[in-house]
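Listed here are the chains, written in short residue letters.
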Amino acid sequence: MPVGHGKEGWLIMKKRVFKGVAGVLSFVLLLSCAGCGEKKSETGSASAVKINETGYPISDETITVDVFGSRSSSQTNWENMLFFQEMERMTNIHMEFTPPPSDTIDERKNLAFAGDDLPEVFFGVNFETTELLTYASEGQIVPIDGYIDKYAPNLKKILDDNPDMRKDLTATDGHIYALSTLSTAKTTFNHFFINQQWLNQLGLKTPTTIDEYTDVLRAFKSGDPNGNGKADEIPLSLAKSWQVNWLAGAFGIWPHDNGIYVDGDEIKYGFTDERFREYLGWLHQLYSEGLLDSATFTQDSSQINAKGNDGVLGSFFGSINANQTVGNDLAPQYDFLAPLTGPHGDKNWIKEPSVKSRFSFVITKNCKCPEAMIRWVDYLYSMEGAYMFTFGLEGKTYTKLDDGYYQFNVPEQYSTKTEFRCKEISPADGSIPMISGDWREYGKVMKEDLEYFEALDRQTAAYAESAKIRYPILYHDGEKSREITSISTDLGNYVQNMHARFIIGDASLETDWDEYCETIKKIGVDRFVALYQEALDNRNSK
């Protein structure tokens, strides 16, 4: 979410407190970068180190860069990871990491900017669009778009081939200040799953409409499909409000958690739409019949996962594979549920955006050789670089099999692939600036992933026609951002409470709906929509 009044005021206060310290640190930095401050680039950076525009190493001299990262508890020290060691060998860029624990990352990041005690680069640290605009206006981070054509051929090709990605990365002043995960894969990622084994047990077909789905959920509740003689089946289980809205596409709308979505070139607010009222009515029907988990508004994903491993779930919201929710043993029972057709013939699904909204690579004013760092990160926007980040090195962490596929060699001391990656290869469970594509296009496919790709192809085919992005990345600066934050907070608190009440039955969609809509109007929804519309218009004019 954008930065609010309290956070911004805190930042200003901290700047005053740390101003003296920042001056001392700046002096130390100047001493440490002797020989790197003689030549000004077109973007205002200074570099006397010769950067090789192509090939490796990036520089014939060793360049040391101060990098601030976000290390989760599952990760080893970054300097011990294979990816960073191999990148140093290849590029001649040595990184000195300052990776605070991820649970303190926002506080440490805020302190760094407040005290003007900045590293040269932030890597794997999340930035919101509003933060980027704020820090750019204060000169603490630098634009990187001026380096892309000359030093980032992989990134340039992606942006040239995908103009909307360039728009997503470009701020209101026309500059690019940060990079993110850029997905070229044709997928939607999030899906609903249904227990195919239960369908077979009860002699039912996979539902294709909202009405058929409702009938299936009723059969799951009454038919003892898990065969244990107990009425313990939970036909549909969801986790809080963010999952509740995902089936609204069948009713003709696809709102974000804040109610906003794009229809053509127009911003709309879904939560006062009569179609959303009808959707809430359907959810109330499911709840009143015991088809929707009574714990929906209090449980989190881990609690759903526990139920999934107990073998009592009929349908749930998830990602590519069901095993994340129900475990490896029960996952084969489940199949994805294609977008359902609603009562008026609508069939829409929410597609993941191509540019992740978590910006994770930023260069600060203290970076001595920004050209080198753009060349360094550009390798991650090649399939070769992304593959090395994900799987490591051939012959060391993976091997080629006789049939042409590859095998990921997970040592016995690690229970999962992710654990192995995070301990020895790279911070693979974080937000990383890189390309996210289809490994089949690169020609290196892990044999164990063949099932995954088969599922991915079926899901993509089923969802592609109906997939819609709620709205692209939009930039709101200054007072407008603070206004959006204020309205969004008030709206969010109110509508989440009311949606739960409507579904549970504590409020009536017949007698309380008009007051609900009027309250939303008083909170400022018209201004909220107008601010988003202005940002969308600005984006479309780029």
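Residues numbered from 1 in each chain as written. Predicted model: local features only at pLDDT ≥ 70, side-chain atom pairs only at ≥ 80, totals over all residues. Heavy atoms only, no water.

> I keep staring at the sheet that holds strand β10 (residues 334-337) and nothing clicks. Help me out?
Strand order in this open sheet of four strands is β6-β9-β5-β10, and the pairing throughout is mixed. The sheet terminates laterally at β6 (234-237) and β10, the two strands that pair on one side only. Taken pair by pair, the neighbouring strands of this sheet meet at an average axis angle of 25 degrees, ignoring direction. Relative to β10, strand β5 (residues 191-195) is paired through four bridges, and the arrangement is antiparallel. (Pairing = 2+ DSSP bridges. Helix = DSSP H or I, 4+ residues; strand = E, 2+ residues; numbered from the N terminus. Axes fitted to C-alpha atoms, helices over the stretch in contact; angles between N-to-C directions.)

> Looking at this structure, how should I read unusual backbone geometry?
Glycine aside, residues mostly have negative phi, and peptide bonds are mostly found in the trans state. The peptide bond linking Tyr56 to Pro57 adopts the cis configuration, its omega dihedral lying at 5 degrees. Take Pro57: it is sitting in the loop between α1 (5-32) and β1 (63-69). Positive phi is not limited to glycine here, since Asn92 has a value of about 70 degrees. As for its position among the elements, Asn92 is in the loop between α2 (82-91) and β2 (93-98). Its identity as a non-glycine residue notwithstanding, Asp116 has a phi of 55 degrees, on the positive side. Residue position: Asp116 is located in the loop between α3 (105-114) and β3 (121-127).

> I'm lost on the packing of aromatic side chains in this one. Help?
Enumeration according to the criterion identifies 52 aromatic pairs in this entry. Residues Phe359 and Tyr475 carry aromatic rings whose centres are separated by 6.5 Å and whose planes lie at 45 degrees to one another, so their mutual orientation is tilted. Of the two residues, Phe359 is situated in strand β12 (residues 359-363) and Tyr475 in the loop between β16 (467-468) and α19 (478-504); the sequence distance between them amounts to 116 residues. Since its relative accessible area comes to 0%, Phe359 is described here as buried. An aromatic cluster is built from Tyr387, Phe391, Tyr398, Tyr406, Phe408, Tyr414, Phe420, Trp439 and Tyr442, whose rings are joined through pairwise contacts. The aromatic ring of Trp254 is capped on one face by Lys468, whose charged end is 4.9 Å from the ring centroid. If you follow Arg470 out to its NZ or CZ, it ends over the ring of Trp246, 4.8 Å from the centre. (Phe/Tyr/Trp six-rings, centres within 6.5 Å; stacked < 30°, edge-to-face > 60°. Buried < 20%, exposed > 50% of the residue type's maximum accessible area, 1.4 Å probe, protein only. Lys NZ or Arg CZ within 6 Å of the ring centre and 35° of its normal.)

> For this particular structure, what's the right way to read the pattern of salt bridges?
Side chains that carry opposite charge are capable of pairing whenever their charged atoms lie near each other. On inspection of all chains with the given rule, the structure shows 27 salt bridges. Salt-bridge contacts for Arg166 lead to Asp160; the nearest nitrogen and oxygen are separated by 2.9 Å. The class for Arg166 is partly exposed, based on a relative accessible area of 28%. Put simply, Arg275 and Asp273 hold a salt bridge, and the shortest N to O gap is 2.9 Å. What you see here is one network of salt bridges that share partners, running through Lys156, Asp160 and Arg166. (Salt bridge = Lys/Arg side-chain N within 4 Å of Asp/Glu carboxyl O.)

> Whenever I open this one, the sheet that holds β3 confuses me. Can you help?
Sheets are built from strands paired through backbone hydrogen bonds, the pairs being either parallel or antiparallel. The four strands lie next to each other as β2-β1-β3-β12, forming an open sheet whose pairing is mixed. The open sheet has two edge strands, β2 and β12, and neither has a second partner. When strand polarity is set aside, the average angle formed by the axes of neighbouring strands in this sheet is 30 degrees. Sitting on the sheet, α3 is in contact with β1, β2 and β3, with an inclination near 120 degrees to β3. Of the strands in this sheet, β1, β2, β3 and β12 touch helix α14 (residues 370-378), which is tilted by about 155 degrees from β12. (Contact = heavy atoms within 4.5 Å.)

> I'm lost on helix α16 (residues 417-425) in this one. Help?
Because an α-helix completes one turn every 3.6 residues, residues spaced three or four positions apart along the sequence face the same direction. Turning to α16, its buried residues are Phe420, Arg421, Cys422 and Ile425. As for α16, its buried residues are in contact with α2, α15 (383-391) and β14 (406-408).

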